Amino acid sequence: MIRAFFLSVLFVGLCTAPARTMPERVKDGILFAPEWKFIEDSPLILAGQWEVIWGELVGPTEFDARYKGDLVTMPGRWNNENTPGFKHSRGVATYRMRLKLPPYNRDLAFHLISPNAVWRLYVDDVLVGGNGAISNNPKENHPNYTSRIFPARAGQSVLVLQLANFSHAYGGPGHPITLWDRAILQNKLDSMSLYYVLVLGILFSIGLFHLIFYLADRRDKANGPVHLWFSLLCFIIVIRISGIIPYFHIYYPESPYWSDLKIVYFTLYAAPGVYLQFFRAAFPDYFPKKLSRAIIAFCFVMAAFVLVTPESIYTYTRNFSIALNVAAIFYSLVFTIAAMRHKQPGAAVILVSNFIFFLTALNDAVIYTDHAYGFDMTPFGVLVLGLGYSYALMLRLQGAFLDAKQTSHALAKLNLDLEKQVHDRTRAFKAAAARAENSALEGAQFIAAASHDLRQPLHALAMFNSALRRKAGNNPLAGLIEKQGSSIKNLGSLLQDTLDTAHAETKSIEPTWRTVDVSDLFEQIANDFDIQAEKRHITLTFQDVQGTLVTDQGMLQRVLRNLIDNAVKAARSEVVVRAQSGPNGWTFNISDDGAGVAKEDVSRIFESYVSLRDEEPGAHGGYGLGLYVVNEFTRQLGGKVTIAATSNTGSDFQLSIPHHDHKTGPALGASNSTQNITPTPGMRILAIDDEPDILDAMQALLSGWQCSTRLAYDLDQAMAHIASGFTPDLLLVDFHLFRTDGLRVVRAIRQAMKQDVPAIIITGATEPSILDNIRTFGLHVLPKPIDPDQLAALLRAYQDQGVDNGSDQASLDGKSG
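Residues numbered from 1 in each chain as written. Predicted model: local features only at pLDDT ≥ 70, side-chain atom pairs only at ≥ 80, totals over all residues. Heavy atoms only, no water.

Student: I'm lost on the overall build of the protein in this one. Help?
Tutor: Along its length, the protein carries 22 helices and 28 strands. Looking at the protein residue by residue over its 817 residues, the buried ones come to 50%. Long-range contacts, defined as pairs at least 24 residues apart, comprise 76% of the intrachain contacts of the protein with a sequence gap of at least 6. When the accessible surface of the protein is totalled, it reaches about 38400 Å², and 57% of it is carbon and sulfur. (Helix = DSSP H or I, 4+ residues; strand = E, 2+ residues; numbered from the N terminus. Buried < 20%, exposed > 50% of the residue type's maximum accessible area, 1.4 Å probe, protein only. Contact = heavy atoms within 4.5 Å. Areas by Shrake-Rupley, 256 points an atom, 1.4 Å probe, with all protein chains shown as cover.)

Okay, here's the thing in structure tokens:
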């Protein structure tokens, strides 16, 4: 009998059709197969590049007029498509392909396995069928998830496939349309239907057989639960099989069974729970109790979750549910091996049948996660498992369990194995965590090192754009140039936020504690935001405060700037910044009169990549990093940031920063600037940068302001300009120069001219040590990419007020950058 069982297992294994990969035959919307052999090569898989119109349901006669040249790979779920009008995998689309076949004198047919969408198929402008009510309106869109057969013909044909999905998380065509000789296809589906019905009948009989056994001997604590759980597993699989029998799809396409996927997903979660309960009852001494109970409970919770949630939610768990089934089978295999090694009755037969079941589950996992195509083999695996367990039952009934000593020995050995696994996995986890930390640090170091190079093209682009804007005047292109300038500023903000996020996540910046003058800090931030607020017609008010705070100036300034930037973007007309000193530190309040923050969003606004205003059309959203950086930097400063109040009339963010009891640097003030936009024509400026693109951009920008400009790529060329008689009113110097830095260049020029020529340092550096060194000399710093309006205001300030930002010659002689 054992030999007969294994022969039947081998027969079923050989008869199963494994998952196969798809050859892509359609190129540029055309499949030309003049040599196709309809019988020998059947089926013809219509996979490859189809023409597509996204976001519209277009009829066959309108397709050419609306087509924009897009191609899409068929099959392919919409989750991987980045197209306008789609939210995740939800939307509508129209596909088309042209088919050219050789003559054929027998009937042909198309076979379409239902995509996770409502669909309608046209062949040569004639509607041949669909699977429900299709519409652009989600409320009028009603799918029936059934596979269908449609007539086809040889020669040339044009297929137009309309698809609409508003409910399934994995919408779109997951399987290709296939072309068959109709008789071959009918025989194939007849055979599959017969096999599935046979399996269904056998499993139902096996389930009923074990249910009768349970009812007859339910007091047997050893075998009663085994019969019960296996009978329930058989009945669940019977329900699942009834949904994949081809005949039911063909003859009952409008059945309510196909209009919802709750039954399918319910069985996907209930099956592994019942399955593990069966194995746990069959081999109670070889399955970890707590872990097994936790997995089983989770399966049943997820099954209940499917019943109480809509399709748009529970279908997100498709891949997870499939992986859970495969993992449950593998989990049972591992511990069934232990039972077999201890010669438990029937363990070897169940292990072999379970392994075949595992292979069929892997086959179906590959198919149902859209990595291949084929037929559902799991029912055959369950049939083998049922036959194997039925035979094992006889073995279990013929013998007795091992004596207490053998059981105790097995449990002790199993515990040792588990402890070793836990130890090994813990050690592996610690090693993985260390590698992950090193990887994160390396990533942050890479971002910091690359930031200067990333800022350079943005820096040049900002200056070119400003020059272009000035030359455009009242030209209609001026509006586009303004928008381009805003995009450049947004790119600069994104780069800074990304860098700050990397520093925050890896804690690669340690606070440098020093005394900060709050009044000077407010003045500097106010000057930076004046132009932005004026452009948005926002009144920006800073409270007049006096006092100092021992903290990290760079981090605090970044925190306040991010909060004020958010407030200016959100406000309708006014932003107010207040500060109050207390015995333990300072409290800052940033208030705006915007739309406020919804209560349900308060808890997540400080998470990374959460930008609430991006969810509102036309809003000035960001990238979701600014408030995350605020929260992380505030933590490093020992403070706390909260939303003190919010409503539909505005928000009030409260920032509490404590005094640090140890300072590691001198007090820092703020630099001056003004809001005047354009410098007086004729100002003599010497610009020094070692990149030609930057110099070209600087020339375009300064010439547009009618400044007298000289350009130099190094100190020697700058000295040559001075030697030729050019006397600059101001130096614009990049900090990172070839084999030197901007501070050394400024010092050398001042020595040559024997006067402290005003200078502005432009840099993309964010390291506090570099910025502190520049400010120690009293030089103004402009970050890359520069804001041309801020540069213009600063140049005008030098002219109007005669401000000298230079330190004395001795200071420059005594230090270098």
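Next comes the rest of the write-up.
Student: Just to check I follow, could you spell out helix 3 (residues 182-216) for this structure?
Tutor: The terminal C-alpha atoms of helix 3 lie 50 Å apart, and with 35 residues this matches the ideal 51 Å at 1.5 Å per residue to within 8%. Residues Leu 185, Leu 189, Met 192, Ser 193, Tyr 196, Val 199, Leu 203, Ile 206, Gly 207 and His 210 constitute the buried set of helix 3. Where helix 3 begins, the side chain of Asp 181 points an oxygen toward the backbone nitrogen of Ala 183, at a separation of 3.0 Å. (Expected span 1.5 Å × (residues − 1). Polar contact = N/O pair within 3.5 Å; in protein donor to acceptor, adjacent residues only side chain to side chain.)

Student: Is there a simple way to think about the pattern of salt bridges in this case?
Tutor: Pairing is possible between side chains that carry opposite charge, provided their charged atoms lie close to one another. As enumerated under the stated definition, the model contains 13 salt bridges in all. A salt bridge links Arg 66 to Glu 56; the nearest nitrogen and oxygen atoms lie 2.2 Å apart. On the criterion of sequence distance, the pair formed by Arg 66 in helix 2 (residues 63-66) and Glu 56 in the loop between strand 3 (48-54) and helix 2 is long-range, its members being 10 residues apart. Put simply, Asp 741 and Arg 744 hold a salt bridge, and the shortest N to O gap is 2.7 Å. When its relative accessible area of 5% is taken as the criterion, Asp 741 is described as buried. One salt-bridge network, in which partners are shared between bridges, spans Glu 51, Asp 64, Arg 96 and Arg 98. (Salt bridge = Lys/Arg side-chain N within 4 Å of Asp/Glu carboxyl O.)

Student: Help me understand the environment of Pro 679 in this model?
Tutor: Along the chain, the position of Pro 679 falls in the loop between strand 21 (665-668) and strand 22 (684-688). Assessed through its relative accessible area of 2%, Pro 679 is described here as buried. Between the C-alpha atoms of Pro 679 and Ala 792, which are 113 residues apart in sequence, the distance is 5.7 Å. Excluding residues that lie within four positions of it along the chain, Pro 679 makes contacts with Trp 705, Cys 707, Ala 792, Leu 795, Arg 796 and Gln 799.

Student: So what exactly am I meant to see when it comes to the nonpolar core here?
Tutor: Across soluble globular proteins, you tend to see nonpolar side chains buried next to one another. Leu 203, Phe 230, Tyr 275, Phe 279 and Phe 283 are the most contacted members of the largest nonpolar core, which totals 64 residues. Contributing elements (two or more residues each) for this core: helix 3, helix 4 (224-242), helix 6 (262-282), helix 7 (289-308), helix 9 (318-341), helix 10 (347-368) and helix 11 (378-398). In terms of residues, this core owes the most to one element, helix 6, which gives 13 residues. If we skip the residues at most four places from it in the chain, Phe 279 touches Phe 287, Ser 332, Thr 336, Ile 350, Asn 354 and Leu 385. In terms of nonpolar packing, the next biggest core, distinct from the first, is built from 43 residues, Leu 521, Leu 560, Phe 588 and Val 597 among them. (Core = buried A, V, L, I, M, F, W, Y, C linked by side-chain atoms within 4.5 Å.)

Student: Would you mind going over unusual backbone geometry with me for this structure?
Tutor: Working note: non-glycine residues mostly have negative phi, and peptide bonds are mostly trans. Of the consecutive residues Met 74 and Pro 75, the connecting peptide bond is found in the cis state with omega at 0°. Looking at the element boundaries, Pro 75 is found in the loop between strand 4 (71-74) and strand 5 (91-100). Between Lys 784 and the following residue, Pro 785, the backbone shows a cis peptide bond with an omega angle of -10°. Mapped onto the elements of the fold, Pro 785 is located in the loop between strand 28 (780-783) and helix 21 (788-801). Despite not being glycine, Lys 754 shows a phi value in the positive range, around 55°. Along the chain, the position of Lys 754 falls in the loop between helix 19 (742-753) and strand 27 (759-763).

Student: Could you clarify how one ought to interpret the sheet that holds strand 22 in this entry?
Tutor: The strands making up a sheet are joined through hydrogen bonds of the backbone, oriented either antiparallel or parallel. One open sheet holds the five strands; their spatial order is 23-22-24-27-28, and the pairing between them is parallel. If you trace the sheet from one side to the other, it starts and ends with strand 23 (708-712) and strand 28, each paired once. Averaged over neighbouring strand pairs, the angle between their axes works out to 20° when direction is ignored. Direction of pairing for strand 27 relative to strand 28: parallel, over a ladder of four bridges. Paired with Thr 763 across the bridge in strand 28 is Pro 783. Contacts between helix 17 (residues 692-704) and the sheet are confined to strand 22, strand 23, strand 24 (730-734) and strand 27, with strand 23 contributing the most and set at about 175° to the helix. (Pairing = 2+ DSSP bridges. Axes fitted to C-alpha atoms, helices over the stretch in contact; angles between N-to-C directions.)

Student: How should I be thinking about a nonpolar patch on the surface in this particular structure?
Tutor: Taken together, the side chains of Leu 194, Tyr 195, Leu 198 and Ile 202 make up a nonpolar region of the molecular surface, amounting to roughly 370 Å² of accessible area. By secondary structure assignment, the location of Ile 202 is in helix 3. Given a relative accessible area of 32%, Ile 202 falls into the partly exposed group. (Patch = residues over 30% accessible without salt bridge, like charges linked within 9 Å, V, L, I, M, F, W, Y side chains within 5 Å.)

Student: How should the packing of aromatic side chains be read in this particular structure?
Tutor: To describe a pair of aromatic rings, one takes the distance between the centres and the angle between the planes. All chains considered together, the criterion is met by 20 aromatic pairs. Three or more aromatic residues joined by ring pairs form one cluster here, namely Phe 230, Tyr 275, Phe 278, Phe 279, Phe 287, Tyr 331, Phe 335 and Phe 357. Arg 318 extends its terminal NZ or CZ atom over the ring of Tyr 170, reaching a point 4.0 Å from the ring centre. (Phe/Tyr/Trp six-rings, centres within 6.5 Å; stacked < 30°, edge-to-face > 60°. Lys NZ or Arg CZ within 6 Å of the ring centre and 35° of its normal.)

Student: Can you help me understand the side chain of Thr 178 in this one?
Tutor: Tracing the backbone through its elements, the reader meets Thr 178 in strand 13 (residues 178-181). Here the side chain of Thr 178 touches Trp 180 through a polar contact of 2.8 Å, side chain to side chain. Filtering out sequence-adjacent residues up to four positions away, Thr 178 remains in contact with Pro 43, Leu 44, Ile 45, Ala 109, Phe 110 and His 111.

Student: Looking at this structure, how should I read the environment of Leu 771?
Tutor: With respect to the helices and strands, Leu 771 occurs in helix 20 (residues 768-776). Sequence-wise, Leu 771 and Ile 761 are 10 residues apart; in three dimensions their C-alpha atoms are separated by 9.9 Å.

Student: Explain helix 17 here, please?
Tutor: Within an α-helix, residues lying three or four positions from one another point in the same direction, as the helix has 3.6 residues per turn. Compared with an ideal rise of 1.5 Å per residue, which puts 13 residues at 18 Å, helix 17 spans 18 Å between its outermost C-alpha atoms and is within 8% of the ideal. Inspection of helix 17 places Ile 694, Leu 695, Ala 697, Met 698, Ala 700, Leu 701, Leu 702 and Gly 704 among the buried residues, and these make up the whole buried set. Looking at the residues trailing helix 17, positive phi occurs at Gln 706, about 65°.

Student: Is there a simple way to think about the packing of helix 4 against helix 6 in this case?
Tutor: Two quantities define a packed helix pair, namely the angle between the axes and the distance from one axis to the other. For the pair helix 4 and helix 6, interaxial distance at closest approach is 8 Å and the crossing angle is 160°. What the angle tells us is that helix 4 and helix 6 run roughly antiparallel. Along this stretch, helix 4 crosses helix 6, giving a crossing that reads as left-handed. Facing Pro 225, Val 226, Trp 229, Phe 230, Leu 232, Leu 233, Ile 236, Ile 239 and Arg 240 of helix 4, the residues of helix 6 in contact are Ile 263, Val 264, Thr 267, Ala 270, Ala 271, Val 274, Tyr 275, Gln 277, Phe 278, Ala 281 and Ala 282. Here the residues of the contact of helix 4 with helix 6 sort into 17 nonpolar, two polar and one charged. (Parallel < 35°, antiparallel > 145°, perpendicular 65-115°, else oblique. Left-handed = near helix turned anticlockwise from the far one by under 90°. Nonpolar A, V, L, I, M, F, W, Y, C, P; charged D, E, K, R; others polar.)

Student: Help me understand the side chain of Ser 591 in this model?
Tutor: Its location among the elements puts Ser 591 in strand 18 (residues 585-592). Only 3.3 Å separates the side chain of Ser 591 from the side chain of Arg 578, close enough to count as a polar contact.

Student: Where do I start with the pairing of strand 19 (residues 640-647) in this structure?
Tutor: As paired elements, strand 19 and strand 20 (residues 650-658) share seven bridges and run antiparallel to each other. Considered in strand 20, the bridge of Val 641 is made with Leu 655. Taken together, strand 19 and the strand that follows it, strand 20, pair antiparallel across an intervening segment of two residues.

Student: Please clarify how the packing of helix 9 against helix 10 should be interpreted in this entry.
Tutor: Following both chains from N to C, one finds helix 9 and helix 10 inclined at 160°, their axes separated by 9 Å at the closest point. When the axis of helix 9 is compared with that of helix 10, the two are roughly antiparallel. Between helix 9 and helix 10 the crossing geometry is left-handed. Where helix 9 abuts helix 10, its residues Arg 318, Ile 322, Val 326, Ile 329, Phe 330, Ser 332, Leu 333, Thr 336, Ile 337, Ala 339 and Met 340 lie against Ala 347, Ala 348, Ile 350, Leu 351, Asn 354, Phe 355, Phe 357, Phe 358, Ala 361, Leu 362, Ala 365 and Tyr 368. Per-class residue counts for the contact of helix 9 with helix 10 are 19 nonpolar, three polar and one charged.

Student: In this structure, what is going on with the sheet that holds strand 13? I would like to understand it.
Tutor: A sheet is described by the order of its strands in space; here four strands give the open sequence 2-13-6-11, paired in antiparallel fashion. On the outer flanks of this sheet lie strand 2 (44-45) and strand 11 (148-152), each paired with one strand and no other. Here strand 6 (residues 108-112) pairs with strand 13 via four bridges, running antiparallel. Of the residues in strand 13, the one forming a bridge with Ala 109 is Trp 180. Across the sheet, helix 3 touches strand 6, strand 11 and strand 13, and the angle it forms with strand 13 is around 100°.

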